[in-house]
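Architecture and fold: a report
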Amino acid sequence: MLGGISFDKVLVIAAIAVMLIGPQRLPMYAEKLGGFVRNLRKYADGARDRMRDEVGADVFDEIDWKKLDPRQYDPRRIIRDALSVDEIMAEVGDVVNGTPHEEPQVVGIASVATRAAARLEAGALPPFDPEAT
(Lines give C-alpha, C1' and ligand atoms only; values in the text may rest on other atoms or scores of the structure.)
Protein backbone atom coordinates (compact mmCIF):
# COMPACT_ATOMS: atom_id res chain seq x y z
CA MET A 1 0.00 0.00 0.00
CA LEU A 2 2.12 2.94 1.21
CA GLY A 3 5.64 1.60 0.92
CA GLY A 4 5.26 -1.42 3.18
CA ILE A 5 2.59 0.00 5.51
CA SER A 6 -0.33 -2.41 5.70
CA PHE A 7 -3.97 -1.39 6.01
CA ASP A 8 -4.01 -2.51 9.67
CA LYS A 9 -1.14 -0.16 10.50
CA VAL A 10 -2.89 2.72 8.75
CA LEU A 11 -6.01 2.08 10.84
CA VAL A 12 -3.97 2.08 14.07
CA ILE A 13 -2.25 5.33 13.09
CA ALA A 14 -5.62 6.90 12.22
CA ALA A 15 -7.12 5.82 15.55
CA ILE A 16 -4.18 7.30 17.47
CA ALA A 17 -4.44 10.52 15.43
CA VAL A 18 -8.18 10.81 16.20
CA MET A 19 -7.47 10.40 19.92
CA LEU A 20 -4.62 12.93 19.91
CA ILE A 21 -6.29 15.55 17.72
CA GLY A 22 -9.75 15.26 19.17
CA PRO A 23 -13.16 15.44 17.51
CA GLN A 24 -13.26 19.28 17.43
CA ARG A 25 -10.05 19.75 15.41
CA LEU A 26 -10.27 16.59 13.29
CA PRO A 27 -12.29 18.15 10.39
CA MET A 28 -9.84 21.05 10.15
CA TYR A 29 -6.80 18.74 10.00
CA ALA A 30 -8.53 16.41 7.53
CA GLU A 31 -9.17 19.41 5.28
CA LYS A 32 -5.51 20.48 5.56
CA LEU A 33 -4.36 16.95 4.72
CA GLY A 34 -6.65 16.86 1.69
CA GLY A 35 -5.32 20.22 0.50
CA PHE A 36 -1.75 19.02 0.96
CA VAL A 37 -2.43 15.88 -1.09
CA ARG A 38 -4.12 17.93 -3.85
CA ASN A 39 -1.19 20.37 -3.98
CA LEU A 40 1.30 17.52 -4.05
CA ARG A 41 -0.58 15.85 -6.91
CA LYS A 42 -0.74 19.18 -8.81
CA TYR A 43 2.99 19.68 -8.30
CA ALA A 44 3.78 16.17 -9.59
CA ASP A 45 1.50 16.60 -12.61
CA GLY A 46 3.08 19.98 -13.39
CA ALA A 47 6.57 18.51 -13.16
CA ARG A 48 5.57 15.64 -15.46
CA ASP A 49 4.03 18.08 -17.96
CA ARG A 50 7.12 20.32 -17.91
CA MET A 51 9.35 17.32 -18.46
CA ARG A 52 7.15 16.12 -21.34
CA ASP A 53 7.45 19.60 -22.92
CA GLU A 54 11.23 19.76 -22.44
CA VAL A 55 12.03 16.26 -23.65
CA GLY A 56 9.30 15.92 -26.22
CA ALA A 57 6.12 13.86 -25.99
CA ASP A 58 7.36 11.08 -28.27
CA VAL A 59 10.59 10.56 -26.29
CA PHE A 60 8.82 10.94 -22.95
CA ASP A 61 6.33 8.19 -23.80
CA GLU A 62 9.11 5.80 -24.86
CA ILE A 63 11.02 6.03 -21.55
CA ASP A 64 10.73 2.95 -19.34
CA TRP A 65 10.14 4.65 -15.98
CA LYS A 66 10.20 1.39 -14.01
CA LYS A 67 13.77 0.84 -15.15
CA LEU A 68 14.75 4.20 -13.60
CA ASP A 69 13.07 3.53 -10.23
CA PRO A 70 15.75 4.01 -7.53
CA ARG A 71 14.04 1.47 -5.28
CA GLN A 72 15.14 -1.35 -7.57
CA TYR A 73 18.85 -0.77 -6.99
CA ASP A 74 20.62 -2.97 -4.47
CA PRO A 75 23.97 -1.45 -3.47
CA ARG A 76 25.43 -4.89 -2.76
CA ARG A 77 24.58 -6.08 -6.27
CA ILE A 78 25.99 -2.93 -7.85
CA ILE A 79 29.28 -3.30 -5.98
CA ARG A 80 29.43 -7.04 -6.70
CA ASP A 81 28.91 -6.36 -10.42
CA ALA A 82 31.49 -3.57 -10.41
CA LEU A 83 34.05 -5.79 -8.72
CA SER A 84 33.33 -8.83 -10.84
CA VAL A 85 36.30 -11.16 -10.52
CA ASP A 86 36.11 -12.30 -14.13
CA GLU A 87 36.40 -8.78 -15.54
CA ILE A 88 39.23 -7.82 -13.21
CA MET A 89 41.15 -11.01 -13.97
CA ALA A 90 40.72 -10.39 -17.72
CA GLU A 91 42.15 -6.88 -17.30
CA VAL A 92 45.04 -8.18 -15.19
CA GLY A 93 45.65 -10.88 -17.78
CA ASP A 94 45.99 -8.20 -20.47
CA VAL A 95 48.63 -6.40 -18.42
CA VAL A 96 50.53 -9.53 -17.40
CA ASN A 97 50.51 -10.98 -20.91
CA GLY A 98 51.81 -7.70 -22.32
CA THR A 99 48.92 -6.97 -24.65
CA PRO A 100 50.02 -3.86 -26.56
CA HIS A 101 47.87 -0.78 -26.14
CA GLU A 102 47.97 2.28 -28.37
CA GLU A 103 46.98 4.65 -25.54
CA PRO A 104 46.96 4.35 -21.75
CA GLN A 105 43.94 2.31 -20.77
CA VAL A 106 41.33 4.05 -18.62
CA VAL A 107 40.25 1.73 -15.81
CA GLY A 108 38.20 1.86 -12.64
CA ILE A 109 39.58 2.25 -9.14
CA ALA A 110 39.04 -1.40 -8.18
CA SER A 111 40.87 -2.70 -11.24
CA VAL A 112 43.71 -0.20 -10.70
CA ALA A 113 44.30 -1.67 -7.24
CA THR A 114 44.23 -5.19 -8.65
CA ARG A 115 46.51 -4.29 -11.52
CA ALA A 116 49.00 -2.65 -9.17
CA ALA A 117 49.48 -6.04 -7.56
CA ALA A 118 50.23 -7.63 -10.94
CA ARG A 119 53.79 -7.47 -12.23
CA LEU A 120 54.30 -5.58 -15.44
CA GLU A 121 56.48 -7.10 -18.08
CA ALA A 122 58.83 -5.11 -20.27
CA GLY A 123 56.91 -2.98 -22.75
CA ALA A 124 53.58 -3.20 -20.88
CA LEU A 125 51.89 0.07 -20.01
CA PRO A 126 51.11 0.84 -16.38
CA PRO A 127 47.46 1.39 -15.41
CA PHE A 128 46.02 4.85 -15.90
CA ASP A 129 43.23 6.33 -13.77
CA PRO A 130 42.08 9.84 -14.79
CA GLU A 131 40.18 10.27 -11.52
CA ALA A 132 43.41 9.98 -9.51
CA THR A 133 45.07 12.92 -11.25
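Scroll up to find the structure this text is about.
What you see is a predicted model; the values in this text were computed from it and never measured.

So, about the overall build of the protein. Tallying secondary structure elements over the protein gives 6 helices and 0 strands in all. Ordering the α and β elements of the protein from the N terminus gives α-α-α-α-α-α. Counting over 133 residues, the protein shows a buried share of 11%. A separation of at least 24 residues holds for 25% of the contacts in the protein among residues at least 6 apart in sequence.

This part takes up helix α2 (residues 26-55). For α2, spanning 30 residues, the distance from its first C-alpha to its last is 43 Å, which sits close to the expected 44 Å at 1.5 Å a residue. Glycine 56 lies just past α2 and shows a positive phi near 110 degrees.

Computed from the structure, the largest pocket encloses a volume of approximately 300 Å³. Every residue lining the largest pocket is listed: Val10, Ile13, Ala14, Ala17, Val18, Ile21, Leu26, Tyr29, Ala30, Leu33 and Val37. At the level of elements, α1 (7-21) and α2 are the ones that each hand at least two residues to the lining of the largest pocket. Counting residues per element, the lining of the largest pocket draws most heavily on α1, which supplies 6 residues. When its residues are assigned to classes, the lining of the largest pocket shows 11 nonpolar, no polar and no charged.

What counts and what doesn't
- Residues numbered from 1 in each chain as written.
- Predicted model: local features only at pLDDT ≥ 70, side-chain atom pairs only at ≥ 80, totals over all residues.
- Heavy atoms only, no water.
- Helix = DSSP H or I, 4+ residues; strand = E, 2+ residues; numbered from the N terminus.
- Buried < 20%, exposed > 50% of the residue type's maximum accessible area, 1.4 Å probe, protein only.
- Contact = heavy atoms within 4.5 Å.
- Expected span 1.5 Å × (residues − 1).
- 1 Å grid on protein atoms, 1.4 Å probe; cavity = no way out; pocket = protein on both sides within 12 Å on 5 of 7 lines; lining within 4 Å.
- Points joined across faces, edges and corners; volume = space filled by probe spheres on them.
- Nonpolar A, V, L, I, M, F, W, Y, C, P; charged D, E, K, R; others polar.

Read these as layout, nothing more, since geometry by itself doesn't imply function.
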